[in-house]
Amino acid sequence: MRRLTGTLRVPGDKSITHRALIFSALAKGESTVTGLSPAQDCTNSAQCLQQLGFEIRSTGSDALRIVSPGLTGFTAPDRTLDAGNSGTTIRLLSGLLSGQQFKSVLDGDASLRSRPMGRVLNPLQEMGAQFVWLEKENCAPFAVIGAQLHGFDFDLKVASAQVQTALLLAGLQADGITVVRLPAAVRDHTTRMFSILGVPFDFVDGNENIVSVQRMTEPIAPYHAMVPADISSAAFFMVAAASLPGSDVTLPDLALNPGRDLVIEVLREMGADITVTPKSNSCGEVIGTVRVRGGDRLRGVTVGGDRMARGVDEIPVLAVAGALCDGEFRVEGGQELRVKESDRIAAVVTNLRAAGADVSEFDDGFAVKGDTVLSGDSDWTTFDDHRMAMSGMIASLLAQSPVRIDHPSCVAVSYPNFAADLNQLVVR
Ligand code: S3P
């Protein structure tokens, strides 16, 4: 019987790495970042910063030294800033660049070009930012024309950490006060890092979903950031271990951000045996070890829209566990899943159906009727979405026969060594 055993320190957190790189713009001088994510997405952020005049040098396999020119010293880029597949890169840079006094063009790959950018650019326009859609409205590529920004009070309709962070980066360059109200809790890496790095901001009325900033008059001091391990990468091993009886996997050093712990919460509701041991702090995050033991068959649960923002990246792999559970695994209020690196509702439904599961699709979610087996021996289409590819590798492990993944190498977007790390834990 297959199971997963052992200890694995997954690579650095992708969201925190983007921020550790991009927030160096708020400092002037040499910052260092260690424990960096090896994700191609993060490399794209670093390369865009280099085009803006940041000097970036590797000082080890997962360490960089970044010399920032400061917010007033950027160089106008002489070619397109290519975010590749990375929504975080293009959206955070849109906010950062909207207050700069030069024009830049931002673009990405086919998947990124199909994702909505109006959710960031339209609110930025309320602050006086100027943009031009270069091909299709609401989509990359677009030009950011530097402008003088003024503060605005935003009541966001979409619970997005990327949109919130972009607006705060613009607000730090704007006249007056910028307030960003979120409709629900999201990953709060940005305000945690702002606190640690000394970037001034306030929680309005003490509410952590309402953040205000003003123009920064002085750069923050250069910093050293130690990036913890990525819970979204660890999620795949958590699901596999929870689903395979006899498994015992320990995942140390994880950032236990309350805006990203849906995977632990849902697996526990499904009956999984999970221990979480907080150990230290880094980048403003609580860092801890998660141990998952596989036991009885998991049971079905419903995940509603109120907690979706805490697990948009983990729902696909949770759905794989759902296909094997007792009862039904159901996702509702998950419209955001349709505008990720792929339409994750359609992708989950297509692939689990092909693998033999009984799945219904709704506009805002899906329902998988759990069964004792997932037959597999089917095609698994990644739609070039790294999280669908890794979910396929977990489905392959849990199914009676493996699935055939069409483009497994797209895992490099977040976790290039995923297959080898998984193999290291699997006992056959
Ligand atoms: C991210 C936020 C999430 C997440 C993405 C990374 C971030 O997107 O899906 O992978 O680093 O802020 P949204 O903020 O758009 O939900």
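Use the structure listed above.
Remember, predicted model here, so these are calculated numbers, not experimental data.

Caption draft 1: Highlighting the overall build of the chain. Across its full length, the chain holds 13 helices and 23 strands. For a compact globule of 428 residues, the expected C-alpha radius of gyration is about 22 Å, and the chain comes in at 21 Å, within 12% of that figure. Across its three principal directions, the C-alpha atoms of the chain cover 60 × 40 × 40 Å. Out of the 428 residues in the chain, the part that is buried amounts to 60%. Here the analysis covers contacts within the chain between residues at least 6 apart in sequence; of these, 75% occur between residues at least 24 apart. Accessible surface computed for the chain: about 15,400 Å², of which carbon and sulfur atoms make up 47%.

Caption draft 2: Layout of the environment of isoleucine 145. Tracing the chain through its elements places isoleucine 145 in strand β8 (residues 142-145). For the pair isoleucine 145 and glutamate 269, spaced 124 residues apart in sequence, the C-alpha separation works out to 48 Å. Residues within four places of isoleucine 145 in sequence aside, it is in contact with Phe102, Lys103, Gln130 and Val132.

Caption draft 3: Broad picture of the pattern of salt bridges. Going through the model one piece at a time under the given rule, you end up with 32 salt bridges. Here arginine 344 and aspartate 313 are joined by a salt bridge, their closest N and O atoms 2.8 Å apart. Pair noted here: arginine 344 is in helix α11 (residues 344-354) and aspartate 313 is in the loop between β17 (302-303) and α10 (315-322), with a separation of 31 residues, a long-range link. Each member of the pair arginine 344 and aspartate 313 is classed as buried. The shortest N-O distance in the salt bridge between arginine 330 and glutamate 328 comes to 3.1 Å. Residue arginine 330 is classed as partly exposed on the basis of its relative accessible area of 23%. Residue classification places glutamate 328 among the partly exposed residues on the basis of a relative accessible area of 30%. Look at the salt bridges and you will find they share partners, linking Arg115, Arg187, Asp313, Glu341, Arg344, Asp385 and Arg387 into a network.

Caption draft 4: Spatial organisation of unusual backbone geometry. Following alanine 140, the chain continues into proline 141 via a peptide bond in cis, with omega recorded as 0°. Position of proline 141 among the secondary structure elements: in the loop between β7 (130-133) and β8. At aspartate 205, a residue that is not glycine, the phi angle is positive and equals roughly 55°. Along the chain, the position of aspartate 205 falls in the loop between β11 (202-203) and β12 (210-214). Residue aspartate 205 is classed as exposed on the basis of its relative accessible area of 76%. Of note, phenylalanine 383 is a non-glycine position whose phi angle comes to about 55°, a positive value.

Caption draft 5: Seen up close, the packing of helix α12 (residues 386-398) against helix α13 (residues 418-425). Between α12 and α13, the shortest axis-to-axis distance is 11 Å and the interhelical angle comes to 25°. Accordingly, the angle class assigned to the pair α12 and α13 is roughly parallel. Remark: the crossing between α12 and α13 carries right-handed chirality. Residues Met390, Met393, Ile394 and Leu397 of α12 pack against Phe418, Ala419 and Leu422 of α13. Broken down by class, the residue content of the contact of α12 with α13 amounts to 7 nonpolar, no polar and no charged.

Caption draft 6: Broad picture of the environment of arginine 404. Its place among the elements puts arginine 404 in strand β22 (residues 404-405). In the structure, arginine 404 is positioned 25 residues away from aspartate 379 in sequence and 4.8 Å away in space, judged by C-alpha atoms. In this structure, arginine 404 is in contact with Asp377, Ser378, Asp379 and Trp380, ignoring residues within four places of it in sequence. Within polar-contact distance, the side chain of arginine 404 engages the side chain of aspartate 377 at 2.8 Å.

Caption draft 7: A look at the side chain of serine 68. Looking at where serine 68 falls in the secondary structure, it is placed in strand β4 (residues 63-68). What makes serine 68 buried here is its relative accessible area of 4%. Dropping the residues within four chain positions of it, serine 68 is found in contact with Ser24, Ala25, Ala27, Lys28, Gly29 and Phe54.

Caption draft 8: Representation of the sheet that holds β4 within the structure. With mixed pairing, the 4 strands of this open sheet are ordered in space as β3-β4-β2-β13. Pairing within the sheet leaves two strands with one partner each, and these edge strands are β3 (55-60) and β13 (224-226). The average angle at which neighbouring strand axes cross in this sheet is 20°, direction not considered. Pairing geometry for β3 and β4, over 5 bridges, is antiparallel. Bridging across to β4, glycine 60 finds its partner in alanine 63.

Analysis parameters
- Residues numbered from 1 in each chain as written.
- Predicted model: local features only at pLDDT ≥ 70, side-chain atom pairs only at ≥ 80, totals over all residues.
- Heavy atoms only, no water.
- Helix = DSSP H or I, 4+ residues; strand = E, 2+ residues; numbered from the N terminus.
- Rg over C-alpha atoms; globule rule 2.2 N^0.38 Å.
- Buried < 20%, exposed > 50% of the residue type's maximum accessible area, 1.4 Å probe, protein only.
- Contact = heavy atoms within 4.5 Å.
- Areas by Shrake-Rupley, 256 points an atom, 1.4 Å probe, with all protein chains shown as cover.
- Salt bridge = Lys/Arg side-chain N within 4 Å of Asp/Glu carboxyl O.
- Axes fitted to C-alpha atoms, helices over the stretch in contact; angles between N-to-C directions.
- Parallel < 35°, antiparallel > 145°, perpendicular 65-115°, else oblique.
- Left-handed = near helix turned anticlockwise from the far one by under 90°.
- Nonpolar A, V, L, I, M, F, W, Y, C, P; charged D, E, K, R; others polar.
- Polar contact = N/O pair within 3.5 Å; in protein donor to acceptor, adjacent residues only side chain to side chain.
- Pairing = 2+ DSSP bridges.

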